[in-house]
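In case you want the letters, here they are:
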Amino acid sequence: MIKILLSRLQQGHRTTKYPAGPPPELPDRFRGRVKIDFARCPMACRQCQQACPTAALQKAEGSFGGSSAARMRIDLGKCLFCTDCAAACPHGAVTHDKDYRLTTRKREDLIVCDEPPRPACPLDKPLLRILGRSLRLRQVSAGGCNACEADSNVLGTIGWDIGRFGMQFVASPRHADGLLITGPVSDNMKLALEKTWQAVPAPKIVIAVGACAISGGPYAGHAEVHDGAASVVPVDLFIPGCPPHPLTILDGLLKLLGMARRISEI
Amino acid sequence: MNGLLQLRNAQAVRADSVPRLSVEEFREAVICAVEGGARLSAMFGRPAEGNRLLVTAVLANDPDGTLQACSTVVDGGYDSITPDCPQAHWFEREIAEQWGVRPQGHPWLKPVRFQPPCRPAAGQPPAAERPVIGVTDFFRVEGHEIHEVAVGPVHAGVIEPGHFRFQCFGENVLHLEISLGYQHRGVERAMIGGPTARSSHYMETLAGDTTIGHATAYCQLLEALSGSHVPARAEVLRGVALELERVANHVGDLGALAGDVGFLPTLSYCGRIRGDVLNLTAMLCGNRFGRGMVRPGGVGFDMDSARVEELLKRLAVIAKDTAISANLLWDTPSVQARFEGAGTVSRELAEQIGLVGPAARACGLERDIQNHHPSGIYRFAHIPLSGWDSGDVFARAYVRWLEIQRSLAFVSEQLRSLPEDVVMASPSSPAGNRFAVSMVEGWRGEICHVAVTDDRGRLAAYKVADPSFHNWFGLACALRNQPISDFPLCNKSFNLSYCGHDL
Ligand code: SF4
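These numbers come from a predicted model, not from an experiment.

### What about the layout of surface pockets?
Next, step 1: Of the pockets and cavities examined, the largest pocket occupies roughly 1,500 Å³.
Next, step 2: Forming the walls of the largest pocket are 50 residues, and the residues nearest its centre are Asn-153 of chain A together with Val-158, Ile-159, Ala-256 and Lys-492 of chain B.
Next, step 3: Contributions of two or more residues to the lining of the largest pocket are made by helix 5 (147-153) and strand 7 (167-169) of chain A together with strand 9 (146-151), strand 10 (163-169), helix 6 (232-260), helix 7 (264-285) and helix 15 (487-494) of chain B.
Next, step 4: For the lining of the largest pocket, the element with the most residues is helix 6 of chain B, which contributes 7 residues.
Next, step 5: Here the residues of the lining of the largest pocket are counted per class, giving 24 nonpolar, 17 polar and 9 charged.
Next, step 6: The volume enclosed by the second largest pocket comes to roughly 820 Å³.

### Considerations on the packing of aromatic side chains
Each aromatic ring pair is characterised by the separation of its centres together with the angle its planes make.
Next, step 1: In this structure the tally under the stated criterion is 17 aromatic pairs over all chains.
Next, step 2: For the ring pair Tyr-219 of chain A and Tyr-202 of chain B, a centre distance of 5.6 Å and an interplane angle of 40 degrees mean the geometry is tilted. Taken together, the positions of Tyr-219 of chain A in the loop between helix 7 (211-215) and strand 10 (237-239) and Tyr-202 of chain B in helix 4 (residues 199-204) put the pair across two chains.
Next, step 3: By relative accessible area, which is 1% here, Tyr-219 of chain A ends up buried.
Next, step 4: Ring geometry for Trp-108 of chain B and Phe-139 of chain B: centres 5.8 Å apart, planes at 40 degrees, overall tilted. Of this pair, Trp-108 of chain B sits in the loop between strand 8 (102-104) and strand 9 while Phe-139 of chain B sits in the loop between strand 8 and strand 9; the two residues are 31 residues apart in sequence, bridging distant segments of the chain.
Next, step 5: Among the residues examined, Phe-139 of chain B registers a relative accessible area of 36% and is labelled partly exposed.
Next, step 6: Lying across the ring of Trp-90 of chain B, Arg-93 of chain B places its NZ or CZ 4.8 Å from the centre.

### Focus on the interface of chain B and chain A
Next, step 1: Facing the 61 residues of chain B at the interface are 57 residues of chain A.
Next, step 2: By the criterion of area lost to chain A, the three top residues of chain B are Val-158, Arg-185 and Arg-198 of chain B, representing 15% of everything that side buries.
Next, step 3: Its salt-bridge partner being Asp-331 of chain B, residue Lys-3 of chain A comes within 3.0 Å of it at the nearest N-O pair.
Next, step 4: At the surface where chain B touches chain A, the tally comes to 34 residue pairs in polar contact (both at pLDDT 80 or more).
Next, step 5: For the side of chain B that touches chain A, the secondary structure elements donating two or more residues are helix 3 (187-191), helix 4, helix 7 and helix 8 (305-331) of chain B.
Next, step 6: Take the side of chain B that touches chain A: its biggest share by element is 11 residues, from helix 7 of chain B.

Basis of the calculations
Residues numbered from 1 in each chain as written. Chains lettered and ligands numbered in written order. Predicted model: local features only at pLDDT ≥ 70, side-chain atom pairs only at ≥ 80, totals over all residues. Heavy atoms only, no water. 1 Å grid on protein atoms, 1.4 Å probe; cavity = no way out; pocket = protein on both sides within 12 Å on 5 of 7 lines; lining within 4 Å. Points joined across faces, edges and corners; volume = space filled by probe spheres on them. Helix = DSSP H or I, 4+ residues; strand = E, 2+ residues; numbered from the N terminus. Nonpolar A, V, L, I, M, F, W, Y, C, P; charged D, E, K, R; others polar. Phe/Tyr/Trp six-rings, centres within 6.5 Å; stacked < 30°, edge-to-face > 60°. Buried < 20%, exposed > 50% of the residue type's maximum accessible area, 1.4 Å probe, protein only. Lys NZ or Arg CZ within 6 Å of the ring centre and 35° of its normal. Contact = heavy atoms within 4.5 Å. Buried area = accessible area lost by both parts, 1.4 Å probe. Salt bridge = Lys/Arg side-chain N within 4 Å of Asp/Glu carboxyl O. Polar contact = N/O pair within 3.5 Å; in protein donor to acceptor, adjacent residues only side chain to side chain.

In structure tokens:
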């Protein structure tokens, strides 16, 4: 008993102050949104596009700020935030942004050129009144690799403690207000996912976490998968990444519940 | 030696040097080798001439650090190896499911992952044969007061899906059948014809908690096939990343085991410390799971001295915090009472069914790729093998604790003596008509990848054997005559991968 108490003292208080305080420090090599410095990209050689494993980079036609050069459009829902495009660029024009805030409410908002994605807005007022102070989620892994699952689950540990915001992962869909889905939706999980969704009482929401759940990720196009959660159920929040950093997931959840109004000022 | 090809871990040979035996000789060879102490590390099929199937077996001889390989051509059916060599049971089921050949006399021929056949049987449309997930003839115990409990695919925790069928007499589990396949994404099929831009990403997401382990196995395999050299500094950094992965997962498991017996201090501390270790991996490469770290030819990220210093500083804190929270487990009698004697697997059984990794070492078996078939940095720097012999939840927990300490010491030592070198050699493409096996001791145990290239150097076959493939059956055995309420505890003490199994 004494040892337990001493250990408790030694371990101290570990929960992050965020969102009231600054977010936990991200690693300096953190990879956020892909950015292309077009000043250094003179010939549009498109080697980044060819290197991309998921066809997340596409040529965007049109004129940009007066220049008529072709630019790249990036689909953050497909992007694995890997190193392949940056490594392929012979001019060092491709880098990763450090911003962890990547979550959107609409799938198409994840497709961007230079600008950050349009931030997720809170749920509609009536829904917010019901779910805003107590959100219980059932997690369903439908072909996920256990990385998105792990970094969602970590939000329940003392370091992040989403219980502070009335959020919790629950054991049964019948106790849940929504699903948090990971994985590309393997064909073998499709029926189970549908049934789990049906078992959640209305009103209910769906959150897609990770490139797989948004677009199929590296498995997009495989006959064995269905290219993401939206192929089966309506999705209310898209959290990109492979896997997304826990901070990205938390930011998304807080935005959805309207608890992140002032975060952008921190 | 008995007509089998001898090779070593991460060594490529000519594909046609793998001997093609008759089915009888092949059975004999595999059964004899396993009786002589070898382990069946992989067995897989690929199409052969005339709609037949070329089956290849890879055997590991741990004491002398060699591997053996042999093949045979199967047409329709053959006499199953499993009755004489139980280690083959899951592999034979897999081959039967994928290729439609029939191992006659197999005692338990059911689907492994309910995947569509890799090639349609003659005269049948492909879709007609597609099995329906979870629909199979589950073993049933009949009798007064016998009841059946079905769990999954969607579980109560934040974990992956799988189906468990318990046959119970009161609280007591007479039999557990584990039915998987829900996570099947077609990885092996998609590897064929590669390497492509996606290949590395398939490997990194094959089992996301084993990103470094599988990526290392893959890169080692490609490097063997192409005969390319990896800079010493990159070998060390791969080892550092692999051990950090081991520590993160083992620490997480100790916490989860504590949680399953209701001991909250270690649950909370270890949950947090696991995250701290993942953050160290993120210091290496920007991603908590090590995405982008291991790449063919070396590693994607180098270290500078400031980073090394910071890592060492944080490692020391982690070592201290982990020791305090892990030792609470061993010092608390109520925890020990729940760990000891729960889910025991005997050494004999473990040997028969071919357990690997900490689960095998907890039964007193000396099985460790790093020690017996070392590759990369492990050829020069040894981590002592950690073992225990009681085969129960306690042993599986305690082996993890021993490994955590040794891995942390290894990481600090390696970081202090990083060789000066580049971290990436320009990779060359695989040579044609080659065969190679690559093994890595991941945190769950032996990861085995086997590849064969066609005459243009493209992957003609790619086989992955995640440690979970060997160990799921061990969990089923561990549950015999246990109270069903101990299932979460036993399950966590194995902590196997669903996606790594389902591919
Ligand atoms: S980071 Fe990777 S997945 Fe994303 S655009 Fe670049 S190459 Fe494609």
